[in-house]
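Structural characterization, general
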Amino acid sequence: MKKYVIALDQGTTSSRTIIFDKEQNIVGVAQKEFTQIYPKQGWVEHNPMEIWSSQYGVLNEAMAQAGIRADEVAAIGITNQRETTVVWDKNTGVPVYNAIVWQCRRTSNICDELRAKEGMADYVRENTGLQIDAYFSGTKIKWILDNVEGAREKAEAGDLLFGTVDTWLLWKLTEGRVHATDYTNASRTMVYNIKELKWDEKLLAELNIPASMLPEVKKSSEVYGETNINGVMIPISGIAGDQQAALYGQTCFLPGEAKNTYGTGCFLLVNIGEEMKLSNNGLVTTIAATSHDKVQYALEGSIFVGGAVIQWIRDELKLIYDSKDSEYFATKVKDNAGVYVVPAFVGLGAPHWDQYARGAILGLTRGANRYHIIRAALEAIAYQTKDVLVAMEKDAGIELQNLKVDGGASVNNFLMQFQADILDRSVLRPVIAETTALGAAYLAGLAVGFWANEDEVKTKWAVDGEYNPKMAGEDRDALYAGWQKAVGRALDWENK
Ligand SMILES: Nc1ncnc2c1ncn2[C@@H]1O[C@H](COP(=O)(O)OP(=O)(O)O)[C@@H](O)[C@H]1O
Ligand SMILES: O=P(O)(O)OC[C@H](O)CO
């Protein structure tokens, strides 16, 4: 009897496996951090083999820990850090280079050249929904083909495959039988036409990427293939990029429903339904996950450094030992004493899209202490979210009544209360905070009939933490004005 769905959640800093039963209880979890590789300033890589081994390791560990047999598993869903680019040899299965991570800035100059071409920025925006930025996969693929010895020749001979992390894991899980991705991941590559739902020939030619490298693009909720676990073939029947999976796991199935995930970065997405709309305010348009046949779109505000600013406070500044202590220290002072931290460590994403912005601490006086800096770092996460929420409401023509939240940093009560105050909206954190994994499980489970439909899965969404705004309007305005001034100072800093 099939009792469980397994979600593989391959994130930027760790690989996780979560097992859900039919009532959406978590019955098994295993997690493993893996190596972050920083070969040069601004460059970020992962070892694709370590991504695979850590993910496969936690799959086995979670099953063993929960005492689950393979024949009890109805389906597996995959959700992943998006845009991160893997290129491998299809004959040997060996990657030709490390995975170039979404945060990596090495292709900023390729983006500058592309943007300088007349009409290119508009073409990219209108057809892929994206901004030209080193964040997305397209220029990362080009970099590998141009810089790894022999790669271009092999790619042109049809021997190399490209994949985002979902595709890489799927290919490994199916022992090289399936080379595919889903709409949500394809929509993050900057070479996928989200209007026509096909790889964009003009952009492939522009970046000199052979079409033979590209995976087949499928629905987020359908059977992709099967993986052999202890002699049992289990369908892999759900795939979505982690932010779209979280939107789905938060049951934002209808236009106007939104969530913000506070992980390494922060990603605010609103479902805009079946009609593609472009942003006029610095957001990107992307494909949302759905179990329906027709695609749905979302507007997204991608913030590159969210919870990662707290890791920086911990690991680089050594102001705290544990991320969770940030909450205690932030509340030891009554305000930020005029201090602002702008965590533009890898440039700024939405709504500024400045590859050359860099981090700054502003407003220091002789009385500023480490608590103010810790508090300012947490506040920066909330201000950045406000920047994208303001843009989103203008674009989508809606006013959100409240904001659904999730992700590692959403457990921080100071941050969530400050977020409610600075937005002047209620912030709602669900009981099942593992919404990314849950979204992947929904997609996989719905495809094989484990759950009947979206109405059935939706019944379980319930609030765990509710934070209501308490701040006076003039305080909110003054704090936010200070933030906007601070961001202005961090823009266009690094030499081009
Ligand atoms: N209590 C906390 N307060 C603030 N930030 C936190 C807290 N706990 C974790 N974080 C931050 O959340 C991030 C981890 O969240 P997670 O959702 O696991 O991220 P990812 O999926 O990007 O790997 C880290 O950047 C960490 O610094
Ligand atoms: O792995 P996360 O949770 O930091 O998410 C990363 C995003 O998918 C990048 O676009």
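Residue numbers run consecutively from 1 along every chain, following the written order of its sequence. Throughout, the order in which chains and ligands are written sets their labels, letters from A for the former and numbers from 1 for the latter. Local features in a predicted model are, by the rule used here, given only for residues with pLDDT of at least 70; side-chain atom pairs are given and counted only at 80 or more, and totals for whole chains, interfaces and linings are based on all residues. As a convention, hydrogens and water are excluded, and side-chain values are obtained from all of the structure's heavy atoms.

1. Focus: the overall build of the chain
Definition in use: In this text, helices come from DSSP runs of H or I with a minimum length of four residues, and strands from runs of E with a minimum of two, each type numbered from the N-terminal end. C-alpha atoms define the radius of gyration in this analysis, and the globule rule sets the expected value at 2.2 Å times the number of residues to the power 0.38. Three exposure classes are used, based on accessible area relative to the maximum for each residue type with a 1.4 Å probe and protein chains only: buried under 20%, partly exposed in between, and exposed over 50%. The criterion used for residue contact is that any of the two residues' heavy atoms lie within 4.5 Å. Accessible areas in this description were obtained via Shrake-Rupley with a 1.4 Å probe; residue shielding takes into account the shown protein chains only. Only four residue types enter the charge count, namely Lys and Arg as positive and Asp and Glu as negative; His and the chain termini do not. One atom stands in for each charge, and that atom is NZ of Lys, CZ of Arg, CG of Asp or CD of Glu.
When its secondary structure is counted, the chain shows 16 helices and 23 strands. Taken against the 2.2 N^0.38 rule, which gives 23 Å for 496 residues, the C-alpha radius of gyration of the chain at 22 Å falls within 12% of a compact globule. Projected onto the principal axes, the alpha-carbon positions of the chain cover approximately 65 × 55 × 45 Å. Considering the chain as a whole, with its 496 residues, one finds that 61% of them fall into the buried category. Across the chain, contacts joining residues at least 24 apart in sequence account for 73% of those joining residues at least 6 apart. Total accessible area on the chain is roughly 18500 Å²; 47% of this is exposed by carbon and sulfur atoms. Charge-centre separation for the chain: the mean point of 50 positive side chains lies 3 Å from the mean point of 64 negative side chains.

2. With respect to the UniProt feature "binding site: sn-glycerol 3-phosphate" (unreviewed entry) in the chain
As a reminder, the rule being used: UniProt positions are given in the numbering used here, feature names are shortened, and annotations may be inferred rather than shown by experiment. Under the rule applied, a polar contact is a pair of N or O atoms within 3.5 Å (in protein, one hydrogen donor and one hydrogen acceptor; residues adjacent in sequence only if both atoms are side-chain atoms).
The residues that UniProt annotates with the feature "binding site: sn-glycerol 3-phosphate" (unreviewed entry) are Thr-12, Arg-82, Glu-83, Tyr-135 and Asp-242. By secondary structure assignment, the location of Glu-83 is in the loop between β5 (73–80) and β6 (86–89). Apart from the residues lying within four places of it in its own chain, the contact partners of Glu-83 are Ile-100, Trp-102, Tyr-135, Phe-136, Ser-137, Lys-140, Thr-164 and Arg-188. Along the chain, Tyr-135 turns up in the loop between α3 (120–128) and α4 (137–147). Non-local contacts of Tyr-135, meaning those with residues more than four positions away in its chain, are made with Arg-82, Glu-83, Trp-102, Arg-105, Lys-140, Arg-188, Phe-267, Glu-300, Ser-302, Phe-304 and Trp-353. A distance of 3.2 Å separates the side chain of Tyr-135 from the side chain of Arg-82, its partner in a polar contact.

3. Section: the site of ligand 2
Heads up, the rule is: The nearness test applies per residue and asks whether one of its heavy atoms lies within 4 Å of the molecule or strand. Classes in brief: Ala, Val, Leu, Ile, Met, Phe, Trp, Tyr, Cys and Pro nonpolar; Asp, Glu, Lys and Arg charged; the others, Gly included, polar.
Ligand 2 sits among Gly-11, Thr-12, Gln-81, Arg-82, Glu-83, Trp-102, Tyr-135, Asp-242, Gln-243, Thr-264 and Phe-267. One of the side-chain nitrogen or oxygen atoms of Thr-12 is found 2.6 Å away from an oxygen atom of ligand 2. Note that an oxygen atom of ligand 2 is positioned 3.4 Å from one of the side-chain N or O atoms of Thr-264. Within the complex, the protein chains bury 92% of what would otherwise be the 310 Å² of accessible surface of ligand 2. When grouped by side-chain class, the residues that make up the shell around ligand 2 number three nonpolar, five polar and three charged.

4. Some points on the packing of helix α12 (residues 370–396) against helix α13 (residues 413–423)
So the rule is basically this: Orientation is described by axes fitted as lines to C-alpha atoms, over the contacting stretch for helices, and by angles from 0 to 180 degrees between their N-to-C directions. Here is the rule for angles: anything less than 35 degrees is roughly parallel, anything more than 145 is roughly antiparallel, 65 through 115 is roughly perpendicular, and the remaining ranges are oblique. Left-handed describes a crossing whose near helix is turned anticlockwise from the far helix by less than a right angle; the clockwise case is right-handed.
Packing of α12 against α13 leaves a shortest axis separation of 9 Å and a crossing angle of 40°. Judged on the interaxial angle alone, α13 and α12 are oblique. Helix-helix and strand crossings are classified by hand; for α12 and α13 the assignment is right-handed. Of the residues in α13, those in contact with Arg-375, Leu-378, Glu-379, Ile-381, Ala-382, Tyr-383, Thr-385, Lys-386 and Leu-389 of α12 are Phe-414, Leu-415, Phe-418, Gln-419, Ile-422 and Leu-423. Per-class residue counts for the contact of α12 with α13 are ten nonpolar, two polar and three charged.

5. Observations concerning the sheet that holds strand β1 (residues 4–10)
The strands making up a sheet associate through hydrogen bonds between their backbones, and the pairing can be parallel or antiparallel. What counts is decided by this rule: Paired strands, as defined in this entry, are two strands with at least two bridges between them according to DSSP.
With respect to topology, six strands assemble into an open sheet ordered β3-β2-β1-β5-β14-β13, the strand pairing being mixed. Among the strands making up the open sheet, the edge pair consists of β3 (26–33) and β13 (225–229). Taken pair by pair, the neighbouring strands of this sheet meet at an average axis angle of 25°, ignoring direction. Sheet topology places β5 next to strand β14 (residues 232–241); five bridges connect them, and they run parallel.

6. Here's the deal with the site of ligand 1
Near ligand 1 lie 16 residues; those nearest to it are Thr-13, Thr-264, Gly-307, Gly-408 and Asn-412. Backbone polar atom of Gly-307 to an oxygen atom of ligand 1: 2.9 Å apart, as the coordinates give it. Between ligand 1 and the protein, one listed contact pairs an oxygen atom with a backbone N or O atom of Gly-408 at 2.9 Å. The element best represented in the shell around ligand 1 is helix α10 (residues 308–315), accounting for three residues. By residue class, the composition of the shell around ligand 1 is four nonpolar, ten polar and two charged.

7. Things to note about α12
How we decide: Given a helix with a known number of residues, its expected span is that number minus one, times 1.5 Å.
The end-to-end C-alpha distance of α12, which contains 27 residues, comes to 39 Å, matching closely the 39 Å that a straight helix rising 1.5 Å per residue would cover. For α12, a buried count of 23 out of 27 residues is recorded, marking the element as mostly surrounded by other parts of the structure. Of the residues flanking the start of α12, the one acting as N-cap is Asn-369, its side-chain oxygen 2.9 Å from the backbone nitrogen of Tyr-371.

8. Focus on the nonpolar core
What counts here: Throughout, nonpolar core names a set of buried Ala, Val, Leu, Ile, Met, Phe, Trp, Tyr and Cys residues whose side chains join them through atoms within 4.5 Å.
One finds Met-213 and Tyr-262 to be the most contacted residues of the largest nonpolar core, which totals 114 residues. Among the elements that make up this core, the one with the highest residue count is α12 (14 residues). Not counting the four nearest positions on each side in its chain, Tyr-262 is found in contact with Ile-381, Thr-385, Leu-403, Val-405, Asp-406, Gly-407, Gly-408, Ala-409, Ser-410, Leu-415, Met-416 and Gln-419. Leu-8, Phe-34, Ala-70 and Ile-239 belong to the second largest nonpolar core, which has 34 residues in total.

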